Amino acid sequence: MADVDKDRKEFWSSQPAVLDSMVLCDNPLFQEADTNYMVQYLPPIANKSVLELGAGIGRLTGEIAKKAKDITAVDFMQHFLDVNKVNNRHMSNITYICDDFTKFQIDKKYDLVVSAWLFINTKDEVVDKMIGQVLEWLQPGGYFTFRESGPYDEDVPMRFKQNFFYHRTPFKLHQLLGGVVKDGHILTITRCKNSRFSMKYDHDIAAAVTEVFYVAKKVPIEPVLASTLPLTTISCSYLKKMGVVAGWQVLVVGCGTGALVFHIASTYGADVLGVNFTIKDFNAAVIHQKCSPDIASLILFEMIVAVEEADYGAECFDVILIQETQLMMNDPTKLFANIRKWLKPSGDVFLVEQNSCPDPLPSDVEWKRPSKIVS
């Protein structure tokens, strides 16, 4: 296997300290527009202390220094920092540090940590560690603002198809950002912008770019563990009756913050996949998973807006539970067609839905999907 870290350093050492190396475009008009674009997504920085990771030649460094109390600019390429110093030589509130951002350490606490295209150079396990480090660097209530690019089109120039470039989808970035707990604190997303646009590279090659800009805030974990969240009594009774055992594969559609998922894993030792529909629930579920290391390996959470479009393969689940989700689906019929495929030959599906009928249901009531309430 190639030495990814060595290759990363050799690549950036070979790149000249110019605009084209930083943003893949040498048009100075783009530099101004792009810098303004980044600045507008920063939280208030007046009289704040800022840490900039991957500062490069200082496109953002100088703009932040105009308002911030101080800024620490970190980059692992000295020739980039040298240009940064020249570009911002009129600023007296900038500290420059040449260090590898994956190993960088500092005792100071900051109001804002900012980066652009930093995680694209970094493996998932290192990103996880770095986010924990960012939480340590931030003051309580501090912000982490970062910008990343998703997958490029195939015709992007070869120099940006390196083995150490990780072009992650927005969903993958959500997973990485929301899954880290440090000293009772997490990063919660306060603003997120997804965009897709085209740029022209060298030799007039055009390629589309998917990009995400995040603003996340350091906040304490809410003192609510999954074990204290309400469980659907009827679902728990059903699971007990079924005799779920360790080794079974269970799918929970509409798992919310994961209460039933944790109940199944801790009570029966079964492997559970919980499907969420909102990033808020997904983040909460992943945080609870991090706080439950004894059963964390049995649990997997996934956020998918249209679960009826998912494809989990044939005959892979022993039990599928669907919790109050039909009203959120565009095509429930398609979901049930998929369920027939996902279930093992002896598998069971259990459905819980809200309805407006008397309890117990009259014998002549037909189950169907109306416009608002399942009856």
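Residues numbered from 1 in each chain as written. Predicted model: local features only at pLDDT ≥ 70, side-chain atom pairs only at ≥ 80, totals over all residues. Heavy atoms only, no water.

The protein chain goes by phosphoethanolamine N-methyltransferase in an unreviewed UniProt entry, where it is assigned to Petrolisthes cinctipes.

1. Description of the overall build of the protein chain
A count of helical and extended segments in the protein chain gives 11 helices and 12 strands. Counting only residues that meet the buried cut, the protein chain has 49% of its 375 residues in that class. Of the contacts formed within the protein chain by residues at least 6 apart in sequence, a portion of 70% connects residues at least 24 apart. (Helix = DSSP H or I, 4+ residues; strand = E, 2+ residues; numbered from the N terminus. Buried < 20%, exposed > 50% of the residue type's maximum accessible area, 1.4 Å probe, protein only. Contact = heavy atoms within 4.5 Å.)

2. Let's talk about the sheet that holds strand β8 (residues 249-253)
Strand order in this open sheet of five strands is β10-β9-β8-β11-β12, and the pairing throughout is parallel. Each having just a single partner strand, β10 (299-303) and β12 (343-352) make up the two edges of the open sheet. When strand polarity is set aside, the average angle formed by the axes of neighbouring strands in this sheet is 15 degrees. Relative to strand β9 (residues 271-276), β8 runs parallel, the two being bridged by five bridges. (Pairing = 2+ DSSP bridges. Axes fitted to C-alpha atoms, helices over the stretch in contact; angles between N-to-C directions.)

3. A word on the pattern of salt bridges
Evaluated as defined, the whole model comprises five salt bridges. Here aspartate 100 makes a salt bridge to lysine 103, at a shortest N to O gap of 3.6 Å. A salt bridge links aspartate 318 to lysine 344; its shortest N-O distance comes to 3.3 Å. Of this pair, aspartate 318 sits in strand β11 (residues 317-323) while lysine 344 is found in strand β12, placing the two residues 26 residues apart along the sequence. You can call aspartate 318 buried: its relative accessible area is 14%. (Salt bridge = Lys/Arg side-chain N within 4 Å of Asp/Glu carboxyl O.)

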